[in-house]
Amino acid sequence: MKALKTLFIIVQYLLPQHLISRLVGQLAEARIFWLKNLLIERFISHYGVNMSEAEEEDPRVYRSFNEFFTRALKPDARSICGGEKEIACPADGAISQLGKIEEGRIFQAKGHDYSLYTLLGGNNEDALPFKNGRFATVYLSPKDYHRVHMPMDGKLIATHYIPGQLFSVNQTTAENVDRLFARNERLVCLFETTAGPMAVILVGAMIVAGIETVWAGQIAPPPKTVQSRRFDQQQTVELKKGDELGRFKLGSTVILLFGDEVMEWLPGFDAGTQTRMGEALATLS
């Protein structure tokens, strides 16, 4: 087993990650009737996707694999926690890790952590509010719903697209690739909330064909340079708790960041805990 894990990691270093991901992206956008139906039906069968939750239950209606993968849910499929102090989970998936940020270092897996400053694109002003704050990493598996929603009401302050590598983000890779989430391609979204600054970070991965937001459409993959945008009174984006923020074209990971002593993760959430979008994940202090 250990040898297989080692081989899995080595292969990821050797493969042309971006080329493979973009080719898979083109395949996932294909609108050839028989091909997209074959891909969708095999995927549903292999991963046990629950189509009864989907707004459109018939797999053949979707025009492409990507349209199926980013499918909407029925309005009553998820409940958004209603408590004024409750922070909602942003996505279906599982907790990879969560806890306290220690002097600007975020825990990844046993023996591995990474820099908050690097994760946010190397901006001290953006990183400072989170230096001793709280973080949660949510991994979206292939069978999960792949839209990302707001944990609480927020006003968008800035976004940073940060180019990077495209390692897989599953547990095996997290345990063996140093600084994984600060190496991979990602989109950092910074919000102002009643609890102060909040960051929602959408992390790309191997064969993730794109990252989209509701305010700008597809963000990744653009040219391979950092793309930053600040929002002001002329460019206002305000979202409520539970509103859709963005989506992955093929799955990946969401990282949440909050400041120090403004909130606490609820008991019962730990590495490996399954999550559902909208359930209460934390409470404001």
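Rules of the game
- Residues numbered from 1 in each chain as written.
- Predicted model: local features only at pLDDT ≥ 70, side-chain atom pairs only at ≥ 80, totals over all residues.
- Heavy atoms only, no water.
- Phe/Tyr/Trp six-rings, centres within 6.5 Å; stacked < 30°, edge-to-face > 60°.
- Helix = DSSP H or I, 4+ residues; strand = E, 2+ residues; numbered from the N terminus.
- Buried < 20%, exposed > 50% of the residue type's maximum accessible area, 1.4 Å probe, protein only.
- 1 Å grid on protein atoms, 1.4 Å probe; cavity = no way out; pocket = protein on both sides within 12 Å on 5 of 7 lines; lining within 4 Å.
- Points joined across faces, edges and corners; volume = space filled by probe spheres on them.
- Nonpolar A, V, L, I, M, F, W, Y, C, P; charged D, E, K, R; others polar.
- pLDDT = per-residue confidence, 0-100.
- Pairing = 2+ DSSP bridges.
- Axes fitted to C-alpha atoms, helices over the stretch in contact; angles between N-to-C directions.
- Expected span 1.5 Å × (residues − 1).
- Patch = residues over 30% accessible without salt bridge, like charges linked within 9 Å, V, L, I, M, F, W, Y side chains within 5 Å.
- Areas by Shrake-Rupley, 256 points an atom, 1.4 Å probe, with all protein chains shown as cover.
- Salt bridge = Lys/Arg side-chain N within 4 Å of Asp/Glu carboxyl O.

**Quick look at the packing of aromatic side chains**
Inspection of the entire model under this criterion finds ten aromatic pairs. Ring plane angle 80 degrees and centroid distance 5.2 Å describe the contact between Phe-43 and Phe-65, whose orientation is recorded as edge-to-face. Note that Phe-43 is positioned in helix α3 (residues 33–47) and Phe-65 in helix α4 (residues 65–69), a separation of 22 residues in sequence. By relative accessible area, which is 13% here, Phe-43 ends up buried. Since its relative accessible area comes to 7%, Phe-65 is described here as buried. Here the aromatic rings of Phe-258 and Trp-265 are separated by 6.2 Å at their centres, their planes lie at 70 degrees, and the arrangement is edge-to-face.

**A closer look at the layout of surface pockets**
Approximately 200 Å³ is the volume attributed to the second largest pocket. Residue lining of the second largest pocket: 16 residues in total, with Glu-53, Arg-78, Asp-92, Lys-143 and Asp-144 positioned closest to the centre. Each residue belonging to the lining of the second largest pocket can be placed in one class, and the counts come to four nonpolar, five polar and seven charged.

**Here's the deal with the confidence of the model for the chain**
When pLDDT is averaged along the chain, the result is 90, and 94% of the positions lie at 70 or above. Mean pLDDT values for the elements of the chain range from 72 in helix α1 (residues 2–14) up to 98 in strand β1 (residues 86–88).

**Quick notes on the sheet that holds strand β18 (residues 280–284)**
Strand order in this open sheet of three strands is β1-β18-β16, and the pairing throughout is antiparallel. Since the sheet does not close on itself, it has two edges, and those belong to β1 and β16 (263–265), each with one partner. When strand polarity is set aside, the average angle formed by the axes of neighbouring strands in this sheet is 35 degrees. When β1 meets β18, the two strands line up antiparallel, connected through three bridges.

**Regarding α3**
Helix length check: α3 (15 residues) gives 21 Å between terminal C-alpha atoms against 21 Å at 1.5 Å per residue, within 8%. Restricting attention to buried positions, one finds in α3 the residues Leu-35, Lys-36, Asn-37, Ile-40, Phe-43 and Ile-44. Following α3 by one or two positions, Gly-48 adopts a phi angle in the positive range, close to 65 degrees.

**A closer look at a nonpolar patch on the surface**
Together, Ile-32, Phe-33, Trp-34 and Leu-38 make up an exposed nonpolar region whose accessible area comes to about 450 Å². Inspection of the secondary structure puts Phe-33 in helix α3. Given a relative accessible area of 51%, Phe-33 falls into the exposed group.

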